[in-house]
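Report on the structure
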Amino acid sequence: MGQTSIKSVGILCSGGDSPGMNCAIRAIVRTAIGLGLNAFGIQRGYQGLIDNQIRPLDVSSVGNIIQRGGTILQTSRSKDFMTAEGRAKAAANLREHNIDSLIVIGGNGSFKGAMKFYEEHGIPIAGIPGTIDNDISGTEYTIGFDTAVQVAIEAVDRIRDTASSHDRTFLVEVMGRNSPAIAVHVAVCTGAENIVFSKQEIQYEKIAEHIKRGMARGKNSSIIIVTEGDKPGLAYQVQTTLQQAFKIDAHVCILGHIQRGGAPSHMDRFIASRMGYLAVKSLLDGNFPLVTVYRDGHVTTAPFIECVQDKLGFDKTELELVRLLSI
Ligand code: F6P
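Every value quoted in this text rests on a predicted model; they were computed, and no experiment measured them. (Residues numbered from 1 in each chain as written. Predicted model: local features only at pLDDT ≥ 70, side-chain atom pairs only at ≥ 80, totals over all residues. Heavy atoms only, no water.)

Digging into the site of the ligand
As a reminder, the rule being used: Note on terminology: near, applied to a residue and a molecule or strand, indicates that one of the residue's heavy atoms is within 4 Å of it. Each polar contact in these results corresponds to two N or O atoms within 3.5 Å; when the atoms are within protein, one needs to be able to donate a hydrogen and the other to accept it, and residues that are neighboring in sequence are counted only if both atoms are side-chain atoms. Reported accessibility uses the Shrake-Rupley method at a 1.4 Å probe radius. Residues are deemed covered only where the shown protein chains occlude them. Here a cavity is any set of points on a 1 Å grid over the protein atoms alone where a 1.4 Å probe fits but cannot get out, and a pocket is any open set with protein on both sides within 12 Å along at least 5 of 7 lines; a residue lines the site when it has an atom within 4 Å of a point. Assignment of a molecule to a cavity or pocket requires that more than half of its atoms lie within 2 Å of the corresponding grid points. For this classification, Asp, Glu, Lys and Arg are treated as charged, while Ala, Val, Leu, Ile, Met, Phe, Trp, Tyr, Cys and Pro are nonpolar and the rest, including Gly, are polar. Where each domain starts and ends follows an automatic or database-derived domain assignment.
Lining the immediate surroundings of the ligand are R77, T131, I132, D133, M175, G176, R177, E228, H257 and R260. R260 places a side-chain nitrogen or oxygen 2.8 Å from an oxygen atom of the ligand. Expressed as a share of its isolated accessible area of 390 Å², the protein-covered part of the ligand is 76%. The site holding the ligand turns out to be the largest pocket. In terms of residue class, the shell around the ligand is built from 2 nonpolar, 3 polar and 5 charged. Each of domain 1 (8–144 + 264–307) and domain 2 (146–260) accounts for three or more of the residues forming the shell around the ligand.

Here we look at a nonpolar patch on the surface
Spelled out, the test is: Within this analysis, patches are made of residues with over 30% relative accessible area and no salt bridge. Like charges are joined at 9 Å or less; nonpolar side chains (Val, Leu, Ile, Met, Phe, Trp, Tyr) at 5 Å or less. Here a salt bridge means any side-chain nitrogen of Lys or Arg lying within 4 Å of a carboxyl oxygen belonging to Asp or Glu. Helix and strand definitions here come from DSSP, where helices need a minimum of 4 consecutive H or I residues and strands a minimum of 2 consecutive E residues; each element is numbered from the N-terminal end. With a 1.4 Å probe rolled over the protein chains alone, any residue whose accessible area is under 20% of its type maximum counts as buried; one over 50% counts as exposed, and the rest are partly exposed.
Together, V188, L321, L324, L325 and I327 make up a nonpolar patch on the protein surface, roughly 450 Å² of accessible area in all. It is helix α10 (residues 316–325) that provides the largest number of residues to the nonpolar patch, a total of 3 residues. As for its position among the elements, L325 is in helix α10. Exposure remark for L325: the relative accessible area of 65% places this residue in the exposed category.

As for the pattern of salt bridges
Across all of its chains, the model carries 6 salt bridges by this definition. Its salt-bridge partner being E193, residue R160 comes within 3.1 Å of it at the nearest N-O pair. Pair noted here: R160 is in helix α5 (residues 145–165) and E193 is in the loop between α6 (181–190) and β7 (194–196), with a separation of 33 residues, a long-range link. Overall, E193 belongs to the buried group, its relative accessible area being 3%.

Focus on the domain arrangement of the chain
Note the threshold: Any two residues whose heavy atoms approach within 4.5 Å are treated as being in contact.
Each assigned domain of the chain is listed with its residue range as follows: domain 1 (8–144 + 264–307) and domain 2 (146–260). Distance between the C-alpha centres of domain 1 and domain 2: 34 Å. Between domain 1 and domain 2, the residue contacts involve 14 residues of the former and 11 residues of the latter. Inspection of the region where domain 1 meets domain 2 yields 1 salt bridge. There are 9 residue pairs in polar contact (both at pLDDT 80 or more) connecting domain 1 and domain 2. Its residues placed into classes, the side of domain 1 that touches domain 2 shows 5 nonpolar, 4 polar and 5 charged.

Examining the pairing of strand β6 (residues 169–174)
As a reminder of what qualifies: DSSP bridges decide pairing: two strands pair if at least two such bridges lie between them.
In terms of burial, β6 is a largely internal element, 6 of the 6 residues being buried. Pairing of β6 with strand β8 (residues 222–227) involves 6 bridges; the strand directions are parallel. Residue V174 lies in a different strand from β8, and its bridge partner there is T227. Bridge count for β6 against strand β9 (residues 250–254) is 5 bridges, and the pairing is parallel. Of the residues in β9, the one forming a bridge with L171 is V252.

This is the structure:
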């Protein structure tokens with residue numbers, strides 16, 4: 001497709017916030033204004049679009065935010081946008097403000113909504129993958145993952161200090177819903193003894209045997225990383241079974257939302273900035289609907305349809321890696 005007549009871009013964040021969203025917002029606003037477009041911020045995601053919470057953004061409005069976690073536009077999980085009426089209201093509000101393109105920063109649920117919105121209302125649209133879970137198909141990376149993993153690693157390192165001082169076993173539950181990505185990276189990088197995945201049968205015998213073997217050879221702590229699943233608390237279930245079936249006492253620590261906050265890492269700032277820039281350029285080139293993706297070390301674009309599936313599988317060798325390295 002060739003050049004378009006796009007004159008303005010609306011920006012919103014949707015789903016859980018992630019460190020680096022502000023970097024993407026800044027890159028979009030400054031690229032858009034630098035290329036002669038108007039930029040508008042939509043507050044509180046799709047819900048704010050429906051409720052007409054829209055304001056113009058200038059270059060100063062995104063000053064001093066590159067290092068800030070969260071999102072200055074705030075975010076939401078909107079039920080109303082799942083309805084055709086909600087989406088029609090959203091489209092009408094964009095027209096009222098003369099906004100003729102939209103960039104959505106969020107996860108695959110947000111992208112599904114964006115795709116429907118494009119099909120129904122034909123508004124040029126781009127997606128930027130922003131979620132700590134790194135669970136979107138079609139891209140090897142989502143903004144926020146690196147920072148969240150680093151936060152969790154630092155927490156587990158601290159837990160290791162106290163665990164080894166008391167000869168304890170800890171179950172540390174990380175975010176990621178059903179995605180194994182955070183758990184695998186945290187486990188490998190903290191020398192954890194095991195991982196429990198919410199979507200896999202839990203191999204209690206192997207976990208217990210591993211802990212007991214470690215203790216027998218003089219280890220003074222064990223750490224098991226647990227993925228939270230649909231809601232937090234799986235670690236408590238594992239704790240009960242380890243105690244009742246194997247007489248192993250384990251402490252539970254649920255890291256929770258601490259993993260979603262804080263200053264974005266170098267990687268999140270860099271990729272978010274590249275994606276924000278590319279999203280605007282691609283809209284202007286008429287290359288929509290599109291998602292900016294990270295593949296083979298490069299930021300590039302892909303059709304929406306490639307980026308709306310969950311990426312939940314994990315490489316079994318990673319589990320072996322965790323177990324072997326913590327023998
Ligand atoms: O999708 C990001 C995420 O942080 C998941 O890892 C987690 O399961 C979920 O959001 C928590 O959502 P909420 O903040 O709405 O409780």
